[in-house]
Amino acid sequence: MDYQEIIEEVYHELLQMPVKGKLADYIPELASVDPNQFGVCLVDKNGEEFQCGDSLQPFSIQSISKVHTLVLAYSQVGVDLWKRVNVEPSGNPFNNLAQLEYENGIPRNPFINSGALVTTDTVMSLYPNAKEEIKQFISNVSGEESIVVNENVKRSELACASRNYAVAHMLKSYGNLQREVDDLMEVYTDHCAIEMNCYQLAKSFLYLANHGHNIYTDTQILDRGLTKRINALMLTCGFYDEAGEFAFRVGLAGKSGVGGGVVAVLPGEFSIAVYSPPLNRKGNPRKALYFLEMLTTKLGISLF
Ligand code: GLU
């Protein structure tokens, strides 16, 4: 199917939309990005790509990286991972501390910060050079040669990460962390500060639309069963405490990040990445959500 025309149609309709929303200024470096940037890239199951706007503009992938660390951890550790992190929507903001306390140090899911700290900790136990391993993994699944970290964004987040440090210490106090907090925070902020553009990002999630098969290397990253579980987690937990709203409006499995990116998959069909930095009150990229809602509505296809 030729998606180019419909992508351009939705894109141009949304270009008129006033730029509302707030940049993720709790990470100071992210407060200085141009709020008018807007890009899209859809890659179909065969790897054909359809792009529009600022689709080649690199941005901070932030929480989207949590999917990659989850896949790395889960593909090695298997079901034992679920002893340390749950698979339920949290209904709370991504950096919530109270829920972790009253649920005895077991994070609700791998996409809130506490859960991602646990999967990052798992990856660190598996690989001596976890930072490189994560980048290598993303490079492998996206067919892109090199994946880079924005050191300014990383430093900026580390300097203001009191709450994530608190979450990590809480996990440690419950015995749900193997590494030292400082080492963990170094690796966590490193993968959050990876920069990619929509084209690279859509490619890096294509295996999740292809039942675990990576067309760029012709290898199976996950079997069909594990792929189903990752997609189910993205559907139920991928948008902070707005996952229900995303399923309701868009009907795809996806993950957002406070850097302004959203990536989503329709299994058997395509992977798509949309970038627009201003965030809504729940911390999701406002215009990107509208884009995906309009696209699935016009196409008449979704998970449902
Ligand atoms: N690095 C960010 C944090 O921990 C990720 C947040 C996000 O994109 O949801 O606050």
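Nothing here was measured: the structure is a model prediction, and the numbers come from that model.

Details of the overall build of the protein chain
Of the regular secondary structure elements, the protein chain holds 13 helices and 10 strands. A globule of 304 residues ought to have a C-alpha radius of gyration of about 19 Å, and the protein chain, at 18 Å, matches this closely. Counting only C-alpha atoms and orienting by the principal axes, one finds that the protein chain spans roughly 55 × 40 × 35 Å. Looking at the protein chain as a whole, 57% of its 304 residues qualify as buried.

What about the sheet that holds strand β10 (residues 270–275)?
One open sheet holds the five strands; their spatial order is β2-β1-β10-β9-β8, and the pairing between them is antiparallel. Among the strands making up the open sheet, the edge pair consists of β2 (49–53) and β8 (253–256). On average, each strand axis in the sheet is tilted by 10° relative to the strand beside it, whichever way the strands run. Pairing of strand β9 (residues 261–266) with β10 involves six bridges; the strand directions are antiparallel. Of the residues in β10, the one forming a bridge with Leu-266 is Phe-270. On the sheet, helix α1 (residues 4–15) packs against β1 (39–44) and β2 and is oriented at approximately 20° with respect to β2.

Quick word on the state of the cysteines
Within the structure shown, the criterion is met by zero disulfides. Cys-198 carries a free sulfur, and the closest cysteine sulfur to it, the one in Cys-41, is 7.0 Å from it. Looking at the unpaired Cys-237, the closest cysteine sulfur is the one in Cys-192, lying at 17 Å.

Regarding the pairing of β1
With six of six residues buried, β1 lies mostly within the body of the structure. Taking every second residue as pointing to the same face, both faces of β1 are buried, with Gly-39, Cys-41 and Val-43 on one and Val-40, Leu-42 and Asp-44 on the other. Alignment of β1 against β10, held across six bridges, turns out to be antiparallel. Paired with Cys-41 across the strands is Ala-273, a residue of β10.

Let's talk about the site of the ligand
Taken together, Tyr-26, Gln-62, Ser-63, Phe-94, Asn-113, Glu-157, Asn-164, Tyr-188, Cys-192, Tyr-240, Gly-257 and Val-258 make up all the residues around the ligand. Within the side chain of Tyr-26, an N or O atom sits 2.6 Å from an oxygen atom of the ligand. When the ligand sits alone it has 300 Å² of accessible area, and the protein chains cover 99% of it. For the shell around the ligand, the per-class residue count stands at six nonpolar, five polar and one charged.

Examining the packing of helix α7 (residues 162–173) against helix α8 (residues 181–192)
With their axes 10 Å apart at the nearest point, α7 and α8 run at an angle of 130° to one another. In terms of their interaxial angle, α7 and α8 are classed as oblique. The two elements α7 and α8 meet at a crossing, and its hand is right-handed. Residue-level contacts link Asn-164, Tyr-165, Ala-168, His-169 and Lys-172 of α7 to Val-181, Asp-182, Leu-184, Met-185 and Tyr-188 of α8.

Focus on the layout of surface pockets
Computed from the structure, the largest pocket encloses a volume of approximately 240 Å³. Along the walls of the largest pocket sit 13 residues, with Lys-22, Leu-23, Leu-279, Asn-280 and Gly-283 positioned nearest its centre. The residue makeup of the lining of the largest pocket, split by class, is six nonpolar, three polar and four charged.

A few points about the side chain of Lys-287
As for its position among the elements, Lys-287 is in helix α13 (residues 286–299). It turns out Lys-287 is buried and unbridged, and the closest side chain with the opposite charge, Asp-54, is 9.2 Å from it.

Some points on the pairing of β8
Residues Ala-253 and Lys-255 of β8 are buried on one face, and the alternating residues Gly-254 and Ser-256, pointing to the opposite face, are buried as well. The pairing of β8 with β9 spans four bridges and is antiparallel. Note on β9: the bridge partner recorded for Ala-253 is Val-265. In this antiparallel pair of consecutive strands, β8 and β9, the connection spans four residues, and Gly-260 shows a positive phi of 105°.

Remarks on the pattern of salt bridges
As enumerated under the stated definition, the model contains 15 salt bridges in all. For the salt bridge of Glu-103 with Arg-108, the shortest nitrogen-to-oxygen distance reads 2.7 Å. A relative accessible area of 22% places Glu-103 in the partly exposed class. Within the structure, one salt-bridge network assembled from shared partners comprises Lys-131, Glu-132, Lys-135, Lys-154, Glu-186 and Asp-190.

Notes on the side chain of Ser-55
Here Ser-55 shows up in the loop between β2 and β3 (59–60). At 2.7 Å, the side chain of Ser-55 and the side chain of Gln-51 are in polar contact. For Ser-55, the residues in contact, after removing those within four places along its chain, are Gly-39, Val-40, Cys-41, Asn-197, Cys-198 and Tyr-199.

Basis of the calculations
Residue numbering note: each chain is counted from 1, following its sequence as written. Note on the predicted model: pLDDT of at least 70 is required for a residue's local features to be given, and 80 or more for side-chain atom pairs to be given and counted; whole-chain, interface and lining totals, by contrast, use all residues. Remark: hydrogens and water are excluded; side-chain values derive from all non-hydrogen atoms of the structure. Segments assigned H or I by DSSP are reported as helices when at least four residues long, segments assigned E as strands when at least two residues long, and all are numbered from the N terminus. Our radius of gyration looks at C-alpha atoms and nothing else; its globule reference is 2.2 Å times the residue count to the power 0.38. For the exposure calls, accessible area comes from a 1.4 Å probe over protein chains only, and a residue counts as buried if that area is under 20% of its type's maximum, exposed if over 50%, partly exposed in between. Two strands pair under a simple rule: DSSP has to find at least two bridges between them. Only the contacting stretch of a helix is used when fitting its axis, a line to C-alpha atoms as for every element, and angles between N-to-C directions run 0 to 180 degrees. Any two residues whose heavy atoms approach within 4.5 Å at even a single point are treated as in contact. Note on terminology: pairs of cysteine sulfur atoms within 2.5 Å are recorded as disulfides. Nearness is defined per residue: one heavy atom within 4 Å of the molecule or strand is enough. What qualifies as a polar contact is a pair of N or O atoms within 3.5 Å, subject to a donor-acceptor requirement within protein and to the restriction that residues adjacent in sequence count only when both atoms come from side chains. Only the protein chains shown count as covering a residue, and every accessible area follows the Shrake-Rupley method with a 1.4 Å probe. Under the convention adopted here, Pro, Cys and the residues Ala, Val, Leu, Ile, Met, Phe, Trp and Tyr are nonpolar, Asp, Glu, Lys and Arg are charged, and Gly plus all remaining residues are polar. In what follows, roughly perpendicular refers to angles from 65 to 115 degrees, roughly parallel to angles under 35, roughly antiparallel to angles over 145, and oblique to any angle outside these ranges. Note on convention: the crossing is left-handed when the near helix lies turned anticlockwise from the far helix by less than a right angle, right-handed when the turn is clockwise. Any residue with an atom within 4 Å of a point lines the site, the site being either a cavity, points on a 1 Å grid over the protein atoms alone where a 1.4 Å probe fits but cannot get out, or a pocket, an open set with protein on both sides within 12 Å along at least 5 of 7 lines. Grid points are joined across faces, edges and corners, and a volume is the space filled by probe spheres set on the points. None of His or the chain ends enter the tally, which takes Lys and Arg as positive and Asp and Glu as negative. The term salt bridge refers to a side-chain nitrogen of Lys or Arg lying within 4 Å of a carboxyl oxygen of Asp or Glu.

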